[in-house]
Structures are given as C-alpha cells and as structure tokens.
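# Chain and residue survey
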Amino acid sequence: MNERTEAVSLPAAATIAVDITALAEIQDMVRACMQCGTCSASCPNAPAMDRTPRSLWRMLLLGLVDEVLESRTFWLCSACYSCTLRCPRGLPLTEAMAALKRLAATDGRAADRKRGLFYEDFIRNVEKNGRVRETELMLHYFLDMRDPLLPLDYTPLGLKLLRKGKLRLGGSGQRGRLGPLFAKVREMEARP
Ligand code: SF4
Ligand code: SF4
C-alpha cells in the first residue's frame, strides 16, 4: 500500500484498497451528473453491461466503490465517445470509463488483473493488425497470464470456432492500418 493508497471505509461491508486520489479524480469527472440517462441510452454496449453507465456514476458518487469495481460495465466500454458527445452536462464520460479500468487494474484483484491483461492484449492486437486476430490475441494472453492450464479452459471454444470457420489463421490485410489513428488518439490524450 503506497502513500496514495489506503483502505476506504465504505457504506456496506466493503473495505478494499484503492488509490483514493485516482478515485476522487473520477468522482470529480461525474460530480455534475444529473441522472438524465442519456449516456446509458446512447451506449451501444449497454445491453451487455451489468450496470448502466448512469447507475455506475450514481454508485460512484455514493461511495459504493466495491460495487463499482466489481462491475464489468467499464471493461465493456469500447471508447466510442457516444455518451461523452451526448451528455448534456458535457462530462468526460469515456475518460472516466478508462480511468476506472486503470483503477481496477491496480487494485490487486486477480479477476481485474485478468481482465486488464485481456484488454491490453486486445487493444495491442487491434492496433497491430487493423482488426482482431483471434489466434494471436489468445496466444499473447496465455503467455501474459503465465498459467499453463488456462489454454485448456479455452480449448472447447477454440475448436468450436475453428469448426464454424470463425477463426482466421492467416495474416491480416489490414496490418498496421490503424497505427496513425492510435497515434492521433495518444497525441490528443496527452494534451493538457
Ligand atoms: S448523460 Fe451526463 S448527466 Fe446524463 S446521466 Fe449520463 S453522465 Fe449524467
Ligand atoms: S464511450 Fe463507452 S460507455 Fe460511452 S457510449 Fe461508448 S461504449 Fe458506452
């Protein structure tokens, strides 16, 4: 636990170690939320989320940190910026989702480390290949997880996808095409 990290007393029975500075910054991002629900209605991934973006912001402001970090909502955010563009309060919602991913990835839970690694490998794979190359993605993920038994969990699914022709074993004709886009986004995000 570093000096910026401490156990937070929370309403329910939750006591997890979080970076309270990072947490406060995320809460500030959504403090002006008026709960109109436009972000949830605009989100293409909301049907797959266990909490809507609107309720996630409310829980965050109520200090329900454990529940927020256990949610898979922010992991499913694909950074499409629809909510950010449409929020009547102009809140940086996509940035808040990304900040929650970073916070969860450092809070020490095995499940979050696993999700964080998958997310990083997924994005790296898309940037490199211009699309997802499933076989390469899973190979990198297994290597990063350093769990020799993990591939066994995915073998039935892999065989099923292979049989249905859903896995591409060859190279990608889109390789490197998204590089300039990723570079531009990094440049924009680095701006003060
Ligand atoms: S669109 Fe903005 S104001 Fe409305 S619920 Fe979402 S974050 Fe809150
Ligand atoms: S940026 Fe994320 S949370 Fe916002 S609409 Fe897109 S997928 Fe949903």
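Scope of this entry: the structure provided in the associated data block. (Residues numbered from 1 in each chain as written. Chains lettered and ligands numbered in written order. Predicted model: local features only at pLDDT ≥ 70, side-chain atom pairs only at ≥ 80, totals over all residues. Heavy atoms only, no water.)

### Description of the nonpolar core
Inclusion rule: The set of buried Ala, Val, Leu, Ile, Met, Phe, Trp, Tyr and Cys residues whose side-chain atoms join them within 4.5 Å is what this entry labels a nonpolar core. We call a residue buried when its accessible area falls under 20% of the maximum for its residue type, exposed when it is over 50%, and partly exposed in between, using a 1.4 Å probe and counting protein chains only. Strands here are runs of E lasting at least two residues and helices are runs of H or I lasting at least four, both read from the DSSP assignment and numbered beginning at the N terminus. Throughout, a residue-residue contact means that at least one pair of heavy atoms, one from each residue, lies within 4.5 Å.
In terms of nonpolar packing, the biggest core is built from 27 residues, with Trp57, Leu60, Phe74, Leu93 and Leu100 touching the most fellow members. For this core, the elements supplying multiple residues, two or more each, are helix 1 (20-30), helix 3 (53-61), helix 4 (65-70) and helix 6 (93-105). Setting aside chain neighbours within four positions, we find phenylalanine 74 in contact with Leu56, Val68, Leu69, Met97, Leu100, Lys101 and Ala104. Residues Leu137, Tyr141, Phe142 and Leu150 belong to the second largest nonpolar core, which totals eight residues.

### Regarding unusual backbone geometry
Even without being glycine, alanine 79 reaches a positive phi, approximately 55°. Assignment of secondary structure puts alanine 79 in the loop between helix 4 and helix 5 (82-86). Judged by relative accessible area, which is 35%, alanine 79 ranks as partly exposed. With a phi close to 70°, tyrosine 81 is a non-glycine residue in the positive phi region. Note on placement: tyrosine 81 falls in the loop between helix 4 and helix 5.

### Digging into helix 3
Where helix 3 is concerned, the buried positions are Pro53, Ser55, Leu56, Trp57, Met59 and Leu60. A positive backbone phi angle near 85° is found at glycine 63, which sits one or two residues after helix 3.

### Concerning the site of ligand 2
Threshold: Residues are labelled near a given molecule or strand when at least one of their non-hydrogen atoms is within 4 Å of it. Classification convention: Asp, Glu, Lys, Arg as charged; Ala, Val, Leu, Ile, Met, Phe, Trp, Tyr, Cys, Pro as nonpolar; all other residues, Gly among them, as polar.
Around ligand 2 lies a shell formed by Cys43, Pro44, Asn45, Cys77, Ser78, Ala79, Cys80, Tyr81, Ser82, Cys83, Thr94 and Met97. Elements with a minimum of two residues in the shell around ligand 2: helix 5 and helix 6. Across the shell around ligand 2, the residue classes break down as eight nonpolar, four polar and no charged.

### Comments concerning the packing of helix 7 (residues 110-129) against helix 8 (residues 134-145)
Heads up, the condition is: To define axes, lines are fitted to C-alpha atoms, for helices over the stretch in contact only, and angles between the resulting N-to-C directions are given on a 0 to 180 degree scale. An angle below 35 degrees is treated as roughly parallel, one above 145 as roughly antiparallel, one from 65 to 115 as roughly perpendicular, and anything else as oblique. What makes a crossing left-handed is the near helix being turned counterclockwise from the far one by less than a right angle; a clockwise turn instead makes it right-handed.
Packing of helix 7 against helix 8 leaves a shortest axis separation of 9 Å and a crossing angle of 140°. Compared by their axis directions, helix 7 and helix 8 come out oblique. As helix 7 packs across helix 8, the resulting crossing turns out to be right-handed. Listed contacts from helix 8 to Lys114, Leu117, Phe118, Asp121, Phe122, Arg124, Asn125, Lys128 and Asn129 of helix 7 are Glu136, Leu137, Met138, His140, Tyr141, Asp144 and Met145. Residues of the contact of helix 7 with helix 8, tallied by class, amount to seven nonpolar, three polar and six charged.

### Quick look at the site of ligand 1
Contacts to ligand 1 come from 13 residues, most closely from Cys33, Cys36, Gly37, Cys39 and Cys87. Looking at the shell around ligand 1 residue by residue, the class counts come to nine nonpolar, three polar and one charged.

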